[in-house]
Amino acid sequence: MSSALRTVELPTESDSLAFGRRLGAALRAGDLVLLDGPLGAGKTVLARGVAAGMGVTGSVTSPTFVIARVHRPESGDGPALVHVDAYRLSGLDEIDDLDLDTDLTDAAVVVEWGEGMVEQLADTYLVLRIRRRDDDVREITLEPHGDRWADLDLG
Ligand code: ADP
Ligand code: MG
């Protein structure tokens, strides 16, 4: 079930990072977030913000070649972030091999380009659709699936 959509304008990269930080601060273990948008849209920038919001201090780069990376918060408290780039995955078998369902027991999972592959991992998930305008402003549409996201206020 999908409830009301909302679109947020992010004029600069630092706005995207700040948006990601607010989302990251709100994430809990078991949360699944899908990032959709073409190459260069800003999916990894958002994931970097999410990591910062979760207290991860290490660098967050696109996990294209390793598929998935686990980032643990510096403090040791709070859920880990599992950041996945599904770009190179060809199908559900490969998603199964990642054991993301196990990760979701104690981590939040953020997946770039995972649509059609990872939704079944959780009852509720959030899709962020990123559109890059000609003026480089990013428009992010929040598409919540399920109740979990109803009260999420990302300003
Ligand atoms: P993706 O992971 O979607 O392929 P990246 O996050 O790796 O994209 O790259 C986005 C690129 O766009 C970065 O080089 C970033 O500096 C640039 N950029 C410019 N404006 C913005 C903005 N408003 N939000 C996010 N990124 C932006
Ligand atoms: Mg990326």
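Along each chain, residue indices are assigned from 1 in the same order as the chain's sequence is written. Written order determines the labels here, with chains lettered from A and ligands numbered from 1. Since the coordinates come from a predicted model, pLDDT governs what is reported: local features require at least 70, and pairs of side-chain atoms require 80 or more to be given and counted, while whole-chain, interface and lining totals use all residues.

- Per an unreviewed UniProt entry, the protein chain is named tRNA threonylcarbamoyladenosine biosynthesis protein TsaE, and its organism is Saccharopolyspora rosea.
- UniProt positions are given in the numbering used here, feature names are shortened, and annotations may be inferred rather than shown by experiment. Reading the Sequence similarities (unreviewed entry) entry of the UniProt record for the protein chain gives the comment "Belongs to the TsaE family."
- UniProt lists a comment for the protein chain under the heading Subcellular location (unreviewed entry), and it reads "Cytoplasm".

1. Side note on the overall build of the protein chain
Stage number 1. Strands are runs of DSSP state E lasting at least two residues, helices are runs of H or I lasting at least four, and both sets are numbered from the N terminus onward. Secondary structure assignment for the protein chain yields four helices and seven strands.
Stage number 2. Taken from N to C terminus, the helices and strands of the protein chain fall in the order β-α-β-α-β-β-α-α-β-β-β.
Stage number 3. In terms of overall dimensions, the protein chain is globule-like: its C-alpha atoms have a radius of gyration of 14 Å, near the 15 Å expected for 155 residues.
Stage number 4. The dimensions of the protein chain, computed from C-alpha atoms along their principal axes, are 40 × 35 × 35 Å. For the radius of gyration, the atom set is restricted to C-alpha positions; the globular benchmark scales as 2.2 Å times the number of residues to the power 0.38.

2. Thoughts on the nonpolar core
Stage number 1. Grouped together as the largest cluster of nonpolar side chains are 38 residues, with contacts concentrated most on Leu35, Val50, Leu81, Val109 and Val110.
Stage number 2. Those elements giving two or more residues to this core turn out to be α1 (13-26), β2 (32-36), α2 (43-53), β4 (80-85), β5 (107-112) and β6 (125-132).
Stage number 3. Aside from chain neighbours lying at most four places away, what touches Val50 is Gly20, Leu23, Gly24, Leu27, Leu81 and Val110. Throughout this description, the term nonpolar core refers to a group of buried Ala, Val, Leu, Ile, Met, Phe, Trp, Tyr and Cys residues whose C-beta atoms join them within 7 Å. Neighbour counting defines burial: a residue surrounded by 20 or more other C-beta atoms within 10 Å of its own C-beta is buried, one with 12 or fewer is exposed, and intermediate counts give partly exposed, using backbone-placed C-beta atoms. Distance between backbone-placed C-beta atoms decides contact: two residues are in contact if it is within 7 Å.

3. Some details on the site of ligand 1
Stage number 1. Nearness rests on one distance test: the residue's C-beta atom, set from the backbone, must lie within 6 Å of the molecule or strand. Around ligand 1, the structure places 18 residues, and the nearest of them are Ser16, Gly42, Lys43, Thr44 and Val45.
Stage number 2. Put simply, the parts of the chain that give the shell around ligand 1 at least two residues each are α1 and α2.
Stage number 3. Three categories are distinguished: nonpolar for Ala, Val, Leu, Ile, Met, Phe, Trp, Tyr, Cys and Pro, charged for Asp, Glu, Lys and Arg, and polar for the others, with Gly belonging to the last. Each residue belonging to the shell around ligand 1 can be placed in one class, and the counts come to five nonpolar, seven polar and six charged.

4. A word on α1
Stage number 1. Each residue after the first adds 1.5 Å to the expected span of a helix. A rise of 1.5 Å per residue sets the reference length of α1, with its 14 residues, at 20 Å; its end C-alpha atoms lie 20 Å apart and thus fit the reference within 8%.
Stage number 2. Along α1, the residues classified as buried are Ser16, Phe19, Gly20, Leu23 and Gly24. All buried residues of α1 fall inside an arc of 140° around its axis, so they share one side.
Stage number 3. The inward-facing, buried residues of α1 abut β1 (6-10), α2 and β7 (138-145). Note: the arc covers the axis-to-C-beta directions of the helix.

5. Concerning α2
Think of an α-helix as turning once every 3.6 residues; residues three or four places apart then point the same way.
Stage number 1. With respect to burial, α2 is a largely interior element, 10 of its 11 residues being buried.
Stage number 2. Among all positions in α2, only Lys43, Thr44, Val45, Leu46, Ala47, Arg48, Gly49, Val50, Ala51 and Gly53 are buried.
Stage number 3. Packing partners of the buried residues in α2 comprise α1, β2, β3 (68-71), β4, β5 and β6.
Stage number 4. Once α2 finishes, Gly55 follows within two positions and takes phi at roughly 90°, a positive value.

6. With respect to the sheet that holds β5
Stage number 1. Taken together, the seven strands give an open sheet; going across it, the order is β1-β7-β6-β2-β5-β4-β3, and neighbouring strands pair in mixed fashion. Looking at which strands have only one partner, the edges of the open sheet turn out to be β1 and β3. The mean angle between the axes of side-by-side strands here comes to 20°, regardless of whether they run parallel or antiparallel.
Stage number 2. Here the rule is simple: two strands pair whenever DSSP picks up at least two bridges between them. Across eight bridges, the pairing between β6 and β7 is antiparallel. Lines fitted to C-alpha atoms define the axes, with helix axes restricted to the stretch in contact, and inter-axis angles between N-to-C directions lie between 0 and 180 degrees.

7. What about the environment of Ser14?
Stage number 1. Counting through the fold element by element, Ser14 comes out in helix α1.
Stage number 2. Since 11 C-beta atoms lie within 10 Å of it, Ser14 is described here as exposed.
Stage number 3. Along the chain, Ser14 and Leu46 lie 32 residues apart, while their C-alpha atoms are 9.8 Å from each other.

8. Here's the deal with unusual backbone geometry
In most cases, non-glycine residues show a negative phi, while peptide bonds are predominantly trans.
Stage number 1. Even without a glycine there, the phi angle at Asp99 is positive, about 55°.
Stage number 2. Note on placement: Asp99 falls in the loop between α3 (92-97) and α4 (100-103).
Stage number 3. When the 11 C-beta atoms within 10 Å are taken as the criterion, Asp99 is described as exposed.
Stage number 4. With a phi close to 80°, Asp136 is a non-glycine residue in the positive phi region.
Stage number 5. Residue placement: Asp136 occurs in the loop between β6 and β7.
Stage number 6. What makes Asp136 exposed here is the crowd of 11 C-beta atoms within 10 Å.

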